[in-house]
Amino acid sequence: MSSNELLNLLAAEWPSPDYAFIPEFRGGTGWSREQRADAIAMHLWPSKGLELVGFELKVSRGDWLRELKDPNKAEAIKCFCDRWYLVIPDLKIVKYADELPTGWGLMHVENGKLRTMIEAPKLTPLPIDRAFLASVMRRATRK
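Residues numbered from 1 in each chain as written. Predicted model: local features only at pLDDT ≥ 70, side-chain atom pairs only at ≥ 80, totals over all residues. Heavy atoms only, no water.

**Q** I would appreciate a short explanation of the nonpolar core in the present structure.
**A** Nonpolar side chains in soluble globular proteins tend to end up buried together. Counting 21 residues, the largest nonpolar core has Ile40, Ile77, Trp84 and Leu86 as its most contacted members. Secondary structure elements with two or more residues in this core: strand S1 (19–26), strand S2 (36–43) and strand S4 (83–88). The element contributing the most residues to this core is S4, with three residues. Formed by 18 residues, the second largest nonpolar core is a distinct cluster that contains Tyr19, Ala41, Val53 and Ala120. (Core = buried A, V, L, I, M, F, W, Y, C linked by side-chain atoms within 4.5 Å. Buried < 20%, exposed > 50% of the residue type's maximum accessible area, 1.4 Å probe, protein only. Helix = DSSP H or I, 4+ residues; strand = E, 2+ residues; numbered from the N terminus.)

**Q** Would you take a moment to explain the packing of aromatic side chains for this structure?
**A** Describing an aromatic ring pair means giving the distance of the ring centres and the angle of the ring planes. Overall, the coordinates contain seven aromatic pairs when judged by the stated rule. Considering the side-chain rings of Phe55 and Tyr85, the 6.2 Å spacing of their centres and the 20 degrees angle between planes classify their relative orientation as stacked. Of this pair, Phe55 sits in strand S3 (residues 52–57) while Tyr85 sits in strand S4, and the two are 30 residues apart along the sequence. Its relative accessible area of 4% is what places Tyr85 among the buried residues. Judged by centre distance (6.1 Å) and plane angle (70 degrees), the ring pair of Trp84 and Trp104 falls under edge-to-face. Here Trp84 is found in strand S4, whereas its partner Trp104 is found in the loop between S4 and strand S5 (105–110), with 20 residues between them in sequence. Under the relative-accessibility criterion, Trp84 is labelled buried at 0%. Here a set of aromatic residues connected by ring pairs shows up, and it is made of Trp14, Tyr19, Phe55 and Tyr85. (Phe/Tyr/Trp six-rings, centres within 6.5 Å; stacked < 30°, edge-to-face > 60°.)

Next up, the structure:
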């Protein structure tokens, strides 16, 4: 399964108008912040908690092992999120639950649908800064 197929499954789980889903999100504009999340999504109703959720997608074991060498690279965006998930097509990619960095949840594909195997813990996000907001606004106004 490709990253695009995983993104499509995520987008289906986070549909408008109840959610905003932004694939391939960059944490800032200009040179301020180069880090990217494969996707972010936000609950748009107070009854859903207005949570901002980040997603890192990995489609191979090798890709995941490279991520584990520097799990802090996700921190530039994760620090603004209420929850953070690793999303994989196959459980063979993550061999042990203790491979997940602290604060990460795990979703995988089962029978063509996303399933949460490990619920992402509630994080304490930093207030969103102007660089992050500018990136959201840029994506929102893209034609």
